[in-house]
Amino acid sequence: MVKILIVLMGEFKTDGITNNTMNYYLNYNKNKIHIDFLCKGIDSPKQEWLDMLKNNGSKVYAIPYRNQRTFKYIKEMRKIIREGQYDIVHAMGSSSLLVVEMYAAYKENIKIRISHSRNSTCKHRILNKILKPYFFKYTNVRFACGEVAGKWLYGDKQFTIIRNGNDTNKFEYRNGQDKILKIDNSKLNIVSVGSINKQKNYEYFMKVISELSKRKINFKYYILGRNPQGLQERLINYLKNNDILDKVEFIGSVDNPQDYLSASDIFVLPSLYEGFPNVLIEAQMNGISCIVSNTITDQACICDNVYRLGITDNDILKWVDTILCIDKNVDRGFQSKKNIKVLREKGYDIVENAKWLENKYIELVNSMDKL
């Protein structure tokens, strides 16, 4: 059996990266690979995840984050690696600060040290540049969630894209979810899925809905996501000042985003940047019309119901006009089935992807003497 320690870039919680990682975990053959997790904390994850991990003997180690006490972090991580006797350390992040995890794995003689680029920028750009040579020294397998994320972290070095696979059955359109969720389908219902942070650019979209309101459109905007940076209050103040607070509902983090997608008419993602937005793949599977920022790689805009727009103030009216041009009476069931077929062909089915990655882990271990 191959033993793997997966290092997450933040808390073990219900967010995009953890959710995607657990989707893979669910579909692995547990008789072939064993996976434990290392993170900086455990923050209200799904109970079903915890139950599944316990049933499979997997552990979640939470230790102080590297930015706080780097040497202590390395020491504790090395101890976990040593005691776990892992074959692979697979660390996710967005910069060459991953050198910390790669170095710890190297010092414990881990032959397979995987870095996995999950975004297309980072906060510490200067440090990222300084550490790059050391990062490349201790990393010997390079993964990325997409082409843009890979080129951001690895430049012209070779890397492997690990597609964000999804459960096509889970995200297929389901009729009648509006009634279950008590969403008024006489309105134009718009939804976003993602934490309320600077990256997701919710402040920009508030300007869009302000203009939409001026046109006397009967709509409602639902935001599904945590508020980790405390930005929700700023959004609420903007809505109050523009007398549109009743147009937005902050749902918070939910376990059933697929139901809100099915109950809504338009999905929006005005992000400033993304590595590869898994949520956009989920939305396309659902068949909902998607309007996204043009900063998002066109490789994630696979189906014919995705519209890419700029995110300058000059583009605000383009967002409004595009929203108003979308036909909310489209046959969503047909669109969903068509999109799922396309996405499966493009390699976004979680069952197939998990099988591929499982075999990749095993292949890497079997060929470790060549690395």
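Here the residue numbering is sequential within each chain, running from 1 through the sequence in written order. Given that this is a predicted model, residues contribute local features only at a pLDDT of at least 70 and side-chain atom pairs are listed and counted only at 80 or more, while totals for whole chains, interfaces and linings are drawn from all residues. No hydrogens and no water enter the side-chain calculation; it runs on all heavy atoms of the structure.

**With respect to the sheet that holds strand E11 (residues 219-224)**
Strand pairing in a sheet takes place through backbone hydrogen bonds and is either antiparallel or parallel in direction. Spelled out, the test is: Any two strands with at least two DSSP bridges between them are considered paired. Note on conventions: DSSP H or I runs of at least 4 residues are helices, E runs of at least 2 residues are strands, and numbering of each starts at the N terminus. Axis angles are defined between N-to-C directions and span 0 to 180 degrees, where every axis is a line fitted to C-alpha atoms and, for a helix, only to the segment in contact. Residue contacts are defined here by distance: any two heavy atoms, one from each residue, within 4.5 Å place the two residues in contact.
Pairing is parallel across the open sheet formed by six strands, whose spatial order is E12-E11-E10-E13-E14-E15. Bordering the open sheet on either side are strand E12 (248-250) and strand E15 (306-309), each of which pairs with just one other strand. Averaged over all adjacent pairs, the angle separating strand axes in this sheet is 20°, with direction ignored. Relative to E15, strand E14 (residues 289-293) is paired through four bridges, and the arrangement is parallel. Across the sheet, Ser293 pairs through a bridge with Leu309, a residue of E15. Where helix H9 (residues 202-214) meets the sheet, its contacts fall on strand E10 (188-193), E11, E12 and strand E13 (266-269), and the angle it forms with E11 comes to roughly 170°. Running over the sheet, helix H13 (residues 316-325) touches E10, E13, E14 and E15 and is turned about 170° from E14.

**Description of the sheet that holds strand E7 (residues 112-117)**
If you trace the seven strands from one edge of the open sheet to the other, you get E5-E3-E1-E6-E7-E8-E9, paired in parallel fashion. Unpaired on one side and paired on the other, strand E5 (60-62) and strand E9 (160-161) mark the two borders of the sheet. Pairing of strand E3 (residues 33-39) with E5, which is carried by three bridges, proceeds in the parallel orientation. The residue of E5 that forms the bridge with Leu38 is Tyr61. Where helix H3 (residues 70-84) meets the sheet, its contacts fall on strand E1 (2-7), E3, E5 and strand E6 (88-93), and the angle it forms with E1 comes to roughly 160°.

**Structural notes on the pairing of E11**
This is how the line gets drawn: Only protein chains enter the calculation, and the probe is 1.4 Å; a residue is then buried if its accessible area is under 20% of its type maximum, exposed if over 50%, and partly exposed in between. Looking down the strands as they point away from you, a crossover is right-handed if its path from the first strand over the helix to the second goes clockwise.
The buried fraction of E11 is high, at six of six residues. Residues Phe219, Tyr221 and Ile223 point to one face of E11 and Lys220, Tyr222 and Leu224 to the other, with burial holding for every one of them. As judged from the six bridges shared by E10 and E11, these two strands associate in the parallel manner. Within E11, the position partnered with Asn189 by the bridge is Lys220. For the crossover that starts at E11, traverses helix H10 (residues 232-241) and ends in the parallel E12, the hand is right-handed.

**Structural notes on unusual backbone geometry**
The phi dihedral of Asn109 is positive, around 60°, even though this residue is not glycine. Topologically, Asn109 is positioned in the loop between helix H4 (99-107) and E7. Even without a glycine there, the phi angle at Lys216 is positive, about 60°. Relative to the assigned elements, Lys216 resides in the loop between H9 and E11.

**Let's talk about the packing of aromatic side chains**
Note the threshold: By convention, a stacked pair of Phe, Tyr or Trp rings (six-membered ring in the case of Trp) has centres within 6.5 Å and planes under 30 degrees apart, an edge-to-face pair has planes over 60 apart, and any other such pair is tilted. By definition here, charges over rings are those cases where NZ of Lys or CZ of Arg is within 6 Å of the ring centre and within 35 degrees of the ring normal.
Tallied over the entire structure, the rule returns 14 aromatic pairs. Ring geometry for Phe135 against Phe136: centres 5.4 Å apart, planes inclined by 45°, an arrangement best described as tilted. Among the residues examined, Phe135 registers a relative accessible area of 0% and is labelled buried. Classification of Phe136 as partly exposed rests on a relative accessible area of 22%. Centroid distance Phe276 to Tyr348: 5.9 Å. Interplanar angle 10°. Geometry classified as stacked. Pair noted here: Phe276 is in the loop between E13 and helix H12 (278-286) and Tyr348 is in the loop between helix H14 (332-346) and helix H15 (350-366), with a separation of 72 residues, a long-range link. Joined through ring pairs, the aromatic side chains of Phe12, Tyr25, Phe37 and Trp49 make up one cluster. Seen from the ring of Tyr25, Lys30 lies directly overhead, with NZ or CZ sitting 4.8 Å from the centre. One Lys or Arg, Lys40, reaches over the ring of Tyr65 and ends 4.8 Å from the middle of that ring.

**Focus on the packing of H9 against H13**
To describe two helices that pack against each other, one gives the angle between their axes and the distance between the axes. Spelled out, the test is: Oblique is the label for any angle not covered by the other classes, which are roughly parallel (under 35 degrees), roughly antiparallel (over 145) and roughly perpendicular (65 to 115). Two helices cross in a left-handed way if the nearer one is turned anticlockwise from the farther one by less than a right angle. They cross in a right-handed way if the turn is clockwise. Throughout, the ten residues Ala, Val, Leu, Ile, Met, Phe, Trp, Tyr, Cys and Pro are labelled nonpolar, Asp, Glu, Lys and Arg are labelled charged, and all others, Gly among them, are labelled polar.
The geometry of H9 relative to H13 is characterised by a closest axis approach of 9 Å and an angle of 60° between their N-to-C directions. The pairing of H9 with H13 is recorded here as oblique in orientation. Crossing of H9 over H13 shows right-handed handedness. Residues Tyr204, Phe205, Lys207, Val208, Glu211 and Leu212 of H9 lie in contact with H13, whose contacting residues are Ile316, Leu317, Trp319, Val320, Ile323 and Leu324. Considered class by class, the residues forming the contact of H9 with H13 number ten nonpolar, no polar and two charged.

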